[in-house]
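What the coordinates show
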Amino acid sequence: MSQSFRWAVRETSLLCVCFFASAATVGCTESGVGFTSQVEAHDQRPQVEQTRGRLSPGDHVRRLRETFGSHARAIVAAESSVASDPEALILRRADRPQSSTRSAERIPNGPTPTLDEELRLRSDARHGLEMRLGGSTTLRVVEESATGSSTQVRGALSYQHEGGQSYWVPGAHRGFEEWLELAPGVAQAGEVVARWRVEGHRLREVPETGGVHVLDSRAQPVAYVTAPAAWTSSGRTVQPELRVEDGAIVLRVDAGGEAVLVDPAWVLVGSMNAQHFSTPPLRMSAVALPDGRVLVAGGLDPTWFSRVAEVFDSITGTWSLTGSMNSGRDGHVAIVLPDGRVLVAGGYGDTDLDSTCEIFDPALGSWVPSSPMTARRSEGHAASLLHDGRVLVTGGADYHSGGYLASAELCDPGSGTWSGTENMSVERRLHTATVLPDGRILVVGGMNATTVGLASAEIYDPSTGSWRPTGSLSKGRFGHSATLLHDGRVLVSGGSEGDLPSGSNGVLASTEVFDPISGAWSATSEMDNGRVAHAAVVLNDGRVLVALGLPRAVAQDGAIVSQDLWLSSTGERGQMSEVYDATTDRWEAAGFIPLGSADASFGVLIGDQVHFGRSSSSITWQPQVCGDGIVQSGEECDDGNGESYLRWPDIPEPPTFRVGCCSPECQFYPTGSGCDSPGSEWGGACDEVGQCVPIVVEDYDAGPPASGPRVPGICAAGPGVRPAPFGVLLLGVVWAARRRRRAYRCRRT
């Protein structure tokens, strides 16, 4: 058979198929590629979709590339993994392989991959999808214009909708993007081209950006939806419009009748793109930029020191990546220079970073190396911006020499040079440095080689380059906060007076105030909660807000059981913020912060809002109602919005016995405390022959969580100590168990 004859037969067959097709059929396909009569295409939109539904994945990709060029790359080159079950297709972000080798060469430029995000698209797209954006945030979304069954197109999940095709892919950094391909003639002025409903959530427009916030039951944003741009088939960029109408998100875009590609993105509010974990009381850096954004840089990711930097948009509540630092580092300092750039200095990281510096330009989103400091400062140093524009850096630790520093030095941002100045009177690490109204610098507390909090304070005078002592605190402390009040005094709060081997010893709730005029310290009322490595921010009305930090008591193995921690009625673990009024010398509970991890935190004031964060999460603080502000153990706090919080009860104290070292397996503890047992998570008790017996109590009503609390043991007797009767010991263990059980019940309420 000749080539021409075969072609004629093929064409005749296609024409016959077209001729006998019903009037509702738009066209025929050749090798899966649809073609349609131009006369019918104008008002046959549903039929266009039927034809597109029969396209193969390769033909979807080819059409997208031919119509939208490089703009289609986000769809056709999406990096994701797709799985399925009988009811849905499941889309996840593709995992990035990570080496366990800790070296400078393998530090990633990008963020740590997000593994807690998932999108489940129902087999029938009309039934919607479930989008898990991280943690406990799951959105159930129904696109009302969906018309077809779901399918996979490379790394995207796809379905038909009226007027086009939908492609879901992982977002550029977090969340998911829905790329809407709209056929010619669909996107006209004033026409609604898509409509989404989010079950169980309210919606609120964000006029400043044109996006939409998805709100929880307390009217707090949990997700942000935006359509930042749209591109027509001719290459024009057009601006879509997202609105909230009749409880749904609606999309309009005027493409002048052309085919158009639109990409609404769904992003979790308050979730960073990478982890910036820091071990208290060290921390990653966080500063407020002049344009109202927040810059966070460095810290630790799960594998090594992080180079990642990202910025927070206080209007949308979302984080976006910016240029990465030249080196990964933690324990560094960051300060905003007079021209709006950000200087980062020192820190512990990749190699010999202790003295290195680099500068971030917010306009360019990039970092450039700067002149190094004159001394190595691995961590625990402080930086202050002087009134003349210079930067003073004080103290810290030099891990190359193994010592703490008393030295100080000055940076001239204009020339980028560093020069030494007079040393402080003592070595200090983890101290605070506060700029007083007259331009002098108050340095308070810290720790030295004794690992005990310092009570001393001293003042630096930039005009003379000299230091002088200025009284002492009533308690030595480090990892505290020092906040300049509106009346010129300095409030010092919290911190720790001793080393932190377990993350809990010596955490303080006490506060003191320094008067720069008299040079004297005076005690003030205590906070309700002990804190170290916390955040403290002066509000616009002059009050001081403190939140987060490491609480006063932390249990073993990461199971936090503390009188300074709270549970919300929805099961979120966190802390209660507090606010201090200097005019009344009173602290009051000021709102639950559901960021329950135990790493270091930051707080930044933007406008009239305070944004708190730690590790990879942030939250915008809003005041809440907590009765008289003094909340006791086990008492509930009502936030005024239908949500309540329960303060965790105090850890029960065991009975008091004569205590010694029961056996070599049982370490010595002070009177009344438990003993360590190698076979028990929470220790054991000594029997009458001096052996440490593990104690595990499992008879809770519903059973404790896998990592939940165990009853602490009681070391009752030991060599050289008269043993207590075994009956008394058993009674004490039962008493402690009953106390722990009641506490756990209360915690679950």
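Everything numeric here is computed off the predicted structure, so don't read it as measured data.

About the criteria used
Residues numbered from 1 in each chain as written. Predicted model: local features only at pLDDT ≥ 70, side-chain atom pairs only at ≥ 80, totals over all residues. Heavy atoms only, no water. Helix = DSSP H or I, 4+ residues; strand = E, 2+ residues; numbered from the N terminus. Buried < 20%, exposed > 50% of the residue type's maximum accessible area, 1.4 Å probe, protein only. Contact = heavy atoms within 4.5 Å. Areas by Shrake-Rupley, 256 points an atom, 1.4 Å probe, with all protein chains shown as cover. Pairing = 2+ DSSP bridges. Axes fitted to C-alpha atoms, helices over the stretch in contact; angles between N-to-C directions. pLDDT = per-residue confidence, 0-100. Phe/Tyr/Trp six-rings, centres within 6.5 Å; stacked < 30°, edge-to-face > 60°. Disulfide = S-S within 2.5 Å. Salt bridge = Lys/Arg side-chain N within 4 Å of Asp/Glu carboxyl O. Polar contact = N/O pair within 3.5 Å; in protein donor to acceptor, adjacent residues only side chain to side chain. Expected span 1.5 Å × (residues − 1).

With that out of the way, let us pick up the overall build of the protein. Along the backbone of the protein there are six helices and 57 strands. Expressed as a percentage of its 749 residues, the buried residues of the protein come to 54%. Counted over contacts in the protein with a minimum sequence separation of 6, partners at least 24 positions apart contribute 53%. Split by element, the accessible area of the protein, about 31,500 Å² in all, is 51% carbon and sulfur.

In this structure, L119 sits in strand β5 (residues 118-122). Measuring from C-alpha to C-alpha, the distance between L119 and I90 comes to 5.7 Å, with 29 residues separating the pair along the chain. Residues contacting L119, with those up to four places away along its chain left out, are L89, I90, L91, L129, E130, M131, L157, W168 and F176.

Here four strands make up an open sheet; going across it, the order is β42-β43-β44-β45 and the pairing antiparallel. Strands with a single pairing partner mark the edges of an open sheet, and in this sheet they are β42 (481-484) and β45 (520-524). Taken pair by pair, the neighbouring strands of this sheet meet at an average axis angle of 25 degrees, ignoring direction. The pairing of strand β43 (residues 490-493) with strand β44 (residues 511-515) spans four bridges and is antiparallel.

In this section: the sheet that holds strand β38 (residues 432-435). A sheet is described by the order of its strands in space; here four strands give the open sequence β38-β39-β40-β41, paired in antiparallel fashion. Strands with a single pairing partner mark the edges of an open sheet, and in this sheet they are β38 and β41 (466-472). Going from strand to strand, the sheet's axes swing by 25 degrees on average, the running direction of each strand aside. Bridge count for strand β40 (residues 456-461) against β41 is five bridges, and the pairing is antiparallel. Paired with D461 across the strands is S466, a residue of β41.

Predicted confidence across the protein gives a mean pLDDT of 76, with 70% of residues reaching 70 or more. Under a pLDDT of 50 for its full length, residues 96-114 has, in the predicted model, 37 contacts with residues more than four places off or in other chains. Contacts of residues 695-749 to residues separated by more than four positions or lying in other chains number 120 contacts, the stretch itself having pLDDT below 50.

The subject of this paragraph is the pairing of strand β21 (residues 265-268). Each regular strand carries side chains that alternate between the two faces of the sheet. Burial of β21 is two-sided: the residues A265 and V267 facing one way and the residues W266 and L268 facing the other way are all buried. Looking at chain direction, strand β11 (residues 176-182) and β21 are connected through two bridges and run antiparallel. From the neighbouring strand, E177 faces β21, where its bridge partner is A265. Judged from the four bridges that link them, strand β15 (residues 221-226) and β21 form a sheet pairing that is antiparallel.

On to the packing of aromatic side chains, then. Throughout the structure, instances matching the rule amount to 11 aromatic pairs. Ring plane angle 45 degrees and centroid distance 5.0 Å describe the contact between F312 and W319, whose orientation is recorded as tilted. Per residue, the accessibility class of F312 equals that of W319, and both read buried. Ring geometry for Y460 versus W467: centroids 4.9 Å apart, planes at 50 degrees, classification tilted. Given the relative accessible area of 1%, Y460 is considered buried.

What follows deals with the state of the cysteines. This structure, assessed with the given rule, holds zero disulfides. Just so you know, C357 is unpaired, no disulfide at all, and the nearest cysteine sulfur is the one on C411, 6.7 Å from it.

What follows is about the pattern of salt bridges. Across all of its chains, the model carries 31 salt bridges by this definition. For D85, the salt bridge identified is with R120, shortest N-O distance 2.5 Å. Of this pair, D85 sits in strand β3 (residues 80-85) while R120 sits in strand β5, and the two are 35 residues apart along the sequence. Judged by relative accessible area, which is 22%, R120 ranks as partly exposed. Among the salt bridges present, the one from R195 reaches E144, with a minimum N-O distance of 3.5 Å.

Here we come to the environment of V250. Considering the arrangement of structural elements, one finds V250 in strand β19 (residues 248-252). With relative accessibility at 0%, the residue V250 sits in the buried group. With 55 residues separating them in the primary sequence, V250 and R195 have C-alpha atoms 4.4 Å apart. When residues no more than four places from it in sequence are discounted, the contact partners of V250 are V192, A194, R195, E241, L242, R243 and E245.

Before going further, it helps to examine unusual backbone geometry. At R154, a residue that is not glycine, the phi angle is positive and equals roughly 55 degrees. Exposure remark for R154: the relative accessible area of 45% places this residue in the partly exposed category. Unlike most non-glycine residues, S615 shows phi in positive territory, near 55 degrees. Looking at the element boundaries, S615 is found in the loop between β52 (609-614) and β53 (617-621).

The next thing to look at is the environment of T434. With respect to the helices and strands, the residue T434 is situated in strand β38. Beyond its immediate chain neighbours, meaning those up to four positions away, T434 contacts R440, I441, L442, A482, L484 and V490.

Now for the pairing of strand β28 (residues 342-345). Burial along β28 is two-sided: V342 and V344 and L343 and A345, pointing in opposite directions, are all buried. The hairpin turn running from strand β27 (residues 333-336) into β28, its antiparallel successor, is five residues long, and G340 in that turn takes a positive phi close to 95 degrees. The pairing of β28 with strand β30 (residues 357-361) spans four bridges and is classified as antiparallel. Bridge pairing in β30 links V344 to E358.

Turning our eyes to something else, we now look at the side chain of R63. Structurally, R63 is set in helix α4 (residues 57-68). Overall, R63 belongs to the buried group, its relative accessible area being 17%. Within the local environment of R63, its side chain forms a polar contact with the side chain of Y167, the two groups lying 3.3 Å apart.

Given a rise of 1.5 Å per residue, 12 residues ought to cover 16 Å, and the 16 Å separating the end C-alpha atoms of α4 matches this to within 8%. Those residues of α4 not exposed but buried are D59, H60, V61, R63, L64 and F68. G69 sits one or two positions beyond α4 and adopts a positive phi of about 55 degrees.

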